[in-house]
Structures are given as structure tokens and as C-alpha cells.
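Single-letter residue listing:
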Amino acid sequence: MAYDFNKIASNYDRLNHIMTLGMDRLWRRRSVKRLISGFIHKPKVLDIACGTGDMMVELTTQGCDVIGVDLSEEMLAIAAQKCKAPTMIADAEQLPFPDASFDAVTCAFGIRNFVHLEKGLSEMSRVLKPSGQLVLIELATPDSPLVRPFYNLYTRHIIPQLGKRLAGNREAYTYLPTSIERFPKGKAMLSKLSAAGFQPQEHKYFFGVCRLYHCQLLPQQ
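This report concerns the structure included in the present document.

Definitions and cut-offs
Residues numbered from 1 in each chain as written. Predicted model: local features only at pLDDT ≥ 70, side-chain atom pairs only at ≥ 80, totals over all residues. Heavy atoms only, no water. Core = buried A, V, L, I, M, F, W, Y, C linked by side-chain atoms within 4.5 Å. Buried < 20%, exposed > 50% of the residue type's maximum accessible area, 1.4 Å probe, protein only. Helix = DSSP H or I, 4+ residues; strand = E, 2+ residues; numbered from the N terminus. Contact = heavy atoms within 4.5 Å. Axes fitted to C-alpha atoms, helices over the stretch in contact; angles between N-to-C directions. Parallel < 35°, antiparallel > 145°, perpendicular 65-115°, else oblique. Left-handed = near helix turned anticlockwise from the far one by under 90°.

### Comments concerning the nonpolar core
Of all hydrophobic cores here, the largest spans 31 residues; its most connected members are W27, L59, F109 and I137. Mapped by element, the contributors of at least two residues to this core are α1 (9–19), α2 (23–36), α3 (54–61), β4 (102–108), β5 (128–139), α6 (148–167), α7 (170–182) and β7 (210–217). The greatest single-element share of this core, amounting to 4 residues, is contributed by α2. Ignoring anything within four residues of it in the chain, the contact list for W27 reads T20, F109, I137, L139, Y205, F206 and C210.

Here it is, written out as C-alpha cells:
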């Protein structure tokens, strides 16, 4: 089961920015710019696992019409303070929207927490309009054998200590590197996206520690 993020909602933003050296903001901004470059009109976007609303803020700032969904009531309460866009509690694997409702779907740093990845991708495909776009941002282990030892030291030892000292919760930030390590990346993730009906492209940020999967929904055969 995924971790209960209600427990860390109040410290979530601060720790995210500290742990990524503030680069999480840059990664969201770049990803949204890539998304909106494919539209000539104001896109209607569903932000899944929206958490405390940082991706929603970026989407609305860059001119998108957004609705956010998440399972954590505490996270959504914080999102509502940041962004005027509507939010609702909803399961990403059982989205409460009709088929072909959105021009785009986004999910930033949340898809690795899905219990059933394939079901989540199927739901994203279902609610997208024909030729709609999907943008996933997710953390990953770096490919380089030179970078990986430093990454492992940081994620397995330093991050849990930061979680303990700044949020009083070592458990949550031990779960973080574990969830990253077990989540598919690169060719494995591209294969799952293709199987779900998407034409995916992968873009790596910061030695591959962050991956953007920018996908277009293919026409049904």
C-alpha cells in the first residue's frame, strides 16, 4: 500500500524543496511549458495525485484550466490555499469523470505511489480526449555508475535524517527512496506507457534523477 500522506502534509512542501535543492519547481515549470506548446487553445487539464497543489499552480500560471484530484484530504486543504482551481478527493485508479473529458492529464511525483500502475494508466487514457497529452514527472535512480553512489548515500541516509529532524517522521522519508528504486524507469516505463495506448518520450533532468514522460494518446485501432 502507498504511504498515508496525511501524516506529512504540513511539512511536505518544505522538505520537497530542501531535498531537491529547489529543482522540483524548475522541473514542473519545464514540463508544463513542454505540455502547453502542443496546444493552440487553453487546455483543460486533470492533475492527478495533485498533493499540495504545486503542479496546479504552475499549470494555472501558464494558462491552463485545471482540476486536481488526490486521496489525501490534508494535502488538498493546503492545495486549496495556494490555488483557486477546484480539487476533489478521488482515486486515480477509479476516476469520477466521463470518457474523453480532458485535453491533458498530468501527474507530478505521484505515479510511483499507485497501487496498480497499469490500472492508473488505463484511467488516464480513458479520460483523455483523442490525441490528448499525458505528462508524468517522476523521480528515478540515475543511470550513471559514477553518480549512483552519491545518490544512494543521499536518498538512503541523508533524506531519512532530514525527515526525522525537520518533520519528525523518518518512516515517510525511508519510504521515499524505496518507492523510487522499485518504480520502473527508462525502457521499462516507456513499454508500460506504450502498452496503455500512448506514444511516449522520455526526457531526463539532473543526471536522470528526475524523468519527464511526455506522451500523446494514440488513436484506437
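### Comments concerning the packing of α2 against α3
Where α2 meets α3, the closest approach of the two axes is 10 Å, and the angle between their N-to-C directions is 45°. One element, α2, and the other, α3, form an angle in the oblique class. In this structure, α2 crosses over α3, and the sense of that crossing is right-handed. Where α2 approaches α3, its residues R28, R29, V32 and L35 are matched on the opposing element by D54, M55, E58 and L59.

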